[in-house]
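Structure at a glance
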Amino acid sequence: MSLRLTEQIIKSLCGKIAYDKGASYVRAGKVAITHCDPGQSVFEAEIREKGGDRVTLKLGPDRQVDAACTCPALPSYNQYCKHIAAVLLQIRELQRTESPLTRSSEGGEEPEEAGDTAGDFELASGLLGLFSDQPQRPAVNRYILDTRQALEVEFTCKAVPYGNRQHMFGMELRTGPKRLYAVQKLRPFLDGISRGDAVVVSRNFTYDPELHRFGREDGAVIQRLIEMLQGETLFREASGMQRMLGDRMLLIPPAAWEKLLPALMEAPAVKLEQNGLVSDGIGMSDEPLPLRFELDREDDGDYRMDVQGLAPMIAMEPYGLVLSEGKLVKLQEGSFRRLAELKRMFEASRKDRIRISPEQMEPFLDKVVPGLMKLGSVRMSQDLSERMMRRPLNARLYLDRVRDRSLAGLEFQYGDIVINPLEEGGPRRGEGRILVREREREAQILELMEQCPFVRTESGYLMDDEEAEYEFLYHVIPKLEKLLKVYATSAVKVRLHTGFTPPKVSVDVDERTDWLEVRFDIDGIPESAVRGLIKSLEEKRRYHRLPNGALMPLETTEFQELIRFMNEVGIRQGDLQGHSFAFR
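In short, a report on the structure.

Parameters and conventions
- Residues numbered from 1 in each chain as written.
- Predicted model: local features only at pLDDT ≥ 70, side-chain atom pairs only at ≥ 80, totals over all residues.
- Heavy atoms only, no water.
- Helix = DSSP H or I, 4+ residues; strand = E, 2+ residues; numbered from the N terminus.
- Contact = heavy atoms within 4.5 Å.
- Buried < 20%, exposed > 50% of the residue type's maximum accessible area, 1.4 Å probe, protein only.
- Pairing = 2+ DSSP bridges.
- Axes fitted to C-alpha atoms, helices over the stretch in contact; angles between N-to-C directions.
- Core = buried A, V, L, I, M, F, W, Y, C linked by side-chain atoms within 4.5 Å.
- Phe/Tyr/Trp six-rings, centres within 6.5 Å; stacked < 30°, edge-to-face > 60°.
- Lys NZ or Arg CZ within 6 Å of the ring centre and 35° of its normal.
- Parallel < 35°, antiparallel > 145°, perpendicular 65-115°, else oblique.
- Left-handed = near helix turned anticlockwise from the far one by under 90°.
- Nonpolar A, V, L, I, M, F, W, Y, C, P; charged D, E, K, R; others polar.
- 1 Å grid on protein atoms, 1.4 Å probe; cavity = no way out; pocket = protein on both sides within 12 Å on 5 of 7 lines; lining within 4 Å.
- Points joined across faces, edges and corners; volume = space filled by probe spheres on them.

With that settled, the discussion passes to the environment of Gln 64. Mapped onto the elements of the fold, Gln 64 is located in strand β4 (residues 64–69). Distance from Gln 64 to Leu 3, taken between C-alpha atoms, is 7.4 Å for residues 61 residues apart in sequence. When residues no more than four places from it in sequence are discounted, the contact partners of Gln 64 are Leu 3, Lys 58 and Leu 59.

Right, dumping it as structure tokens:
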């Protein structure tokens, strides 16, 4: 009678490590019995994974097992490999189910035909693997009790240069049970983890999901990297870069970085490398950039600006981040774009100082310095400070209406200096001083004026379109009033009908005819104008022009309710008699 296999027998023949790995093969359904001879207890099997190792095995009495495997084995190792352990465990499962394929013939019974039994045995083996399949262990430990060995992980993020002074984030990883080993092939390592396979990290360490686990925070980072690879979309330049960098580093696209960063901030061992300097931890900083601009006057009458702290900074343009002194800083889009361009300009010139002519100094202080103040600190010499003039912006908008045309004029006033923004380069009072203007607020005002189809003249705006005039008076003016003062003539003030009470709808019964009578009343609107108003509502116009030329807005909540009532009742302008109508 052939040997009845037990857990103790298989462990004594193969060892615990090979036993555990063999058990994972069985659970994953990777063991296939390709031939068997129950009478002689001879089996042939294949391990269906990369390499496709084949096992030949014979069971005998008294714990005798003769087995051979096609995998390379160490001559000094006197125990069977994990593939043989997997086949023994598969046979043990079949013995426990009392499969006739594992019984030798006894009492003169004829064994089944070998050709038939081999096919049935392989089918039964496959079914056992299919229905005993266990879910692969994830990178993160999700078990309440997990006896696997916890691995330490160290992530290193680097700013990798590419293209025309561009940079991308690259990731390297080291891991191990006690000593950390550099992962030489990061992409295959992550692929193996996602499939639940063992992966060789170095000559001295192999990651095995049956034996090892990652901590929750480290596992979250690894899971984000795996998701990135599964939906990977890199730039063309980055794809070429990846090949040049080799397998040890993995480039992180901007879309993946947004999901990866929160996990990195929670991980216990993360390093950030910048220009060869390594700092512990990674996170966003709200501190000002260590950037200084110093303006002074030269002896020959020219000016100079010294820049300090710009060279070590790295503008991570694809990510909208600045890497400075081992910290990540997020700037507003406009400021970031200027910083990146400023860095390119100074790197191209290979200087950290520029000369400014006296003719350039005033527009430089007016337009450049306010932007530099948003990037870092600006220090000026006493001579320049005395010439600088800072006054609050007093913006005004003047409106008039002449011959059915709307006229508008803008004025920006700083102290006693008055500026017409449409008169570029025109003369103004106070030319001996350097004026610091509120450029952002000025730009917001000009942008709102450009939203309407005004015709720009030499010193103002002109409009003769009624639709555009209504849009400007009803929608744009309230926005402008938050930024400036509006001065309008009486001709403009009466152009937009405001201050009216909401429309009223009254329903009564005509005692003479027993018909319902619906009446519309709007204070300030004569009865003769109601019919035209109802027509404008039917045409879904945004406003109604009254007989006196005033524009009445129809976009209010009250008029929208009136439109809904008319639609439900079925009122049409042709049904009106005066400002009422009757129906049965």
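Residue Arg 350 is not a glycine yet carries a positive backbone phi of 60°. Structurally, the position occupied by Arg 350 is in the loop between α9 (333–349) and β20 (353–356). Judged by relative accessible area, Arg 350 falls into the exposed class, the value being 78%.

To continue, consider the sheet that holds strand β17 (residues 314–316). Spatial ordering of the open sheet is given by β14-β19-β18-β17, a layout of four strands whose pairing is mixed. Two strands lie at the open edges of the sheet, namely β14 (284–285) and β17, each paired on one side alone. Sitting on the sheet, α9 touches β17 and β18 (321–324), and the angle it makes with β17 is about 130°.

Here we take up the nonpolar core. Counting 45 residues, the largest nonpolar core has Phe 155, Phe 189, Trp 257 and Leu 264 as the members making the most contacts within it. Dropping the residues within four chain positions of it, Leu 264 is found in contact with Phe 155, Cys 157, Met 171, Val 221, Trp 257, Val 270 and Ile 282. Among the nonpolar cores identified, the runner-up in size contains 33 residues, and Met 389, Phe 454, Val 476 and Leu 484 belong to it.

Time to look at the environment of Val 221. Checked against the element boundaries, Val 221 lands in helix α6 (residues 216–230). Residues Val 221 and Lys 259, 38 residues apart in the sequence, show an inter-C-alpha distance of 9.4 Å.

We now examine the packing of aromatic side chains. The tally for this structure, following the rule as stated, stands at 11 aromatic pairs. Taken together, a centroid distance of 6.0 Å and an interplanar angle of 70° make the contact between Phe 189 and Tyr 207 edge-to-face. Taken as a pair, Phe 189 in helix α5 (residues 186–195) and Tyr 207 in strand β9 (residues 205–207) lie far apart in primary sequence, 18 residues in all. Judged by centre distance (4.9 Å) and plane angle (90°), the ring pair of Phe 454 and Phe 472 falls under edge-to-face. Remark: Phe 472 occurs in helix α13 (residues 466–480) and Phe 454 occurs in the loop between α12 (439–450) and β27 (455–456); sequence separation between them is 18 residues. A residue is classified by how much of its surface remains accessible, and Phe 472, at 4% relative accessible area, is buried. Aromatic rings pair up to connect Phe 169, Trp 257 and Tyr 319 into one cluster. Directly above the ring of Tyr 543 sits Arg 541, whose terminal nitrogen or CZ lies 5.0 Å from the centroid.

Here we come to the packing of helix α1 (residues 7–14) against helix α2 (residues 16–27). Contact pair α1 / α2: the axes reach a minimum separation of 7 Å and the direction vectors enclose 120°. Judged on the interaxial angle alone, α2 and α1 are oblique. For α1 against α2, the interelement crossing comes out right-handed. Between α1, through Glu 7, Ile 10, Lys 11 and Cys 14, and α2, the contact on the second element is made entirely by Lys 16, Ala 18 and Tyr 19. Residues of the contact of α1 with α2, tallied by class, amount to four nonpolar, no polar and three charged.

To continue, consider the sheet that holds strand β2 (residues 42–47). Strand order in the open sheet formed by four strands is β1-β2-β3-β4, and the pairing between neighbours is antiparallel. Edge positions in the sheet fall to β1 (31–37) and β4, since each of these pairs with one other strand and no more. Here the average twist between neighbouring strands, direction ignored, is 20°. Bridge analysis of β1 against β2 gives six bridges, and the strand direction is antiparallel.

Under the defined criterion, the tally for this structure stands at one cavity of 30 Å³ or more. A volume near 70 Å³ is recorded for the largest cavity. Elements represented by at least two residues in the lining of the largest cavity include exactly β23 (393–402), β24 (405–414), α13 and α14 (490–493).

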